[in-house]
Amino acid sequence: MNKQELTMLCVALAGLIFIPSVFFNKPLFALIGAFFDWLPLPTGWMKAEKEINRTFLKLHVVVTLIAYVIFIAWLIKGTAAIGFTFLEIWWLAVIFGVLMNY
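Okay, so let's go over this structure. Position numbers for residues count from 1 along each chain, tracking the sequence in the order it is written. pLDDT decides what is reported in this predicted model: residues at 70 or higher carry local features, side-chain atom pairs at 80 or more are listed and counted, and totals for whole chains, interfaces and linings draw on all residues regardless. Only hydrogens and water are set aside; all other atoms, that is, all heavy atoms of the structure, feed into the side-chain values.

Regarding unusual backbone geometry
Here is the rule we go by: Helical segments are the DSSP runs of H or I of at least four residues, strand segments are the runs of E of at least two, and each set is numbered from the N terminus. Summary of the burial criterion: residues with accessible area below 20% of their type's maximum are buried, those above 50% are exposed, and those between are partly exposed, where the area comes from a 1.4 Å probe applied to protein chains only.
Unlike most non-glycine residues, N25 shows phi in positive territory, near 50°. In this structure, N25 sits in the loop between helix 1 (3-23) and helix 2 (27-38). For N25, a relative accessible area of 26% translates into the label partly exposed.

Points about the side chain of S21
For the record, the criterion: A 3.5 Å cut-off defines polar contacts: any pair of N or O atoms within that distance qualifies, except that in protein one atom must be a possible hydrogen donor and the other a possible acceptor, and neighbouring residues in sequence count only when both atoms are side-chain atoms.
By secondary structure assignment, the location of S21 is in helix 1. A polar contact is formed between the side chain of S21 and the backbone oxygen of I17, at a distance of 2.7 Å.

A few points about helix 1
Cut-off, in case you're wondering: A helix is expected to span 1.5 Å for every residue after the first. Any two residues whose heavy atoms approach within 4.5 Å are treated as being in contact.
The end-to-end C-alpha distance of helix 1, which contains 21 residues, comes to 30 Å, matching closely the 30 Å that a straight helix rising 1.5 Å per residue would cover. Here helix 1 has its buried residues at T7, C10, V11, A14, G15, I17, F18, S21 and V22. Buried residues along helix 1 sit in contact with helix 2, helix 3 (40-43), helix 4 (54-77) and helix 5 (80-99). Within two residues after helix 1, N25 carries a phi angle of roughly 50°, on the positive side.

Side note on the packing of helix 1 against helix 5
Put simply, the rule is: Between N-to-C directions, angles span 0 to 180 degrees; the directions come from axes that are lines fitted to C-alpha atoms, helices contributing only their stretch in contact. In what follows, roughly perpendicular refers to angles from 65 to 115 degrees, roughly parallel to angles under 35, roughly antiparallel to angles over 145, and oblique to any angle outside these ranges. Should the near helix be turned anticlockwise from the far one by less than a right angle, the crossing is left-handed, and should it be turned clockwise, the crossing is right-handed. Note on residue categories: nonpolar means Ala, Val, Leu, Ile, Met, Phe, Trp, Tyr, Cys or Pro, charged means Asp, Glu, Lys or Arg, and polar means any other residue, Gly included.
Orientation of helix 1 relative to helix 5, taken along the N-to-C sense of each, is 165°, at an axis distance of 10 Å. When the axes of helix 1 and helix 5 are compared, the pair comes out roughly antiparallel. Note that helix 1 runs across helix 5; the crossing there is left-handed. Contact residues: helix 1 offers M8, V11, A14, G15, F18, I19, V22 and F23, while helix 5 offers G83, F84, F86, L87, W90, V94 and V98. Taken together, the residues of the contact of helix 1 with helix 5 break down into 13 nonpolar, two polar and no charged.

Such coordinate-based values are descriptive only and should not be taken to indicate function.
Spelled out as structure tokens, the structure:
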């Protein structure tokens, strides 16, 4: 597997964990998904192997950080509405992350 495939696998695992975590309002369980979501960063799998779209890179970073601020609020408050907000914003960050490679 190359770096991009490993990154996509981790993001897919994160999403598969986030979705039921949000539906059942289990923010502590979502921490496992957060681990997989952030794993490509310290492993170096997110390093670009080719030229990337800088605009989408910036959008990906900013929206990801916003999503995780909301995630922290979900951990603190534990309300389902905050969990769903996190999931929607996180998904937008994923889309920007994919688009930066095209």
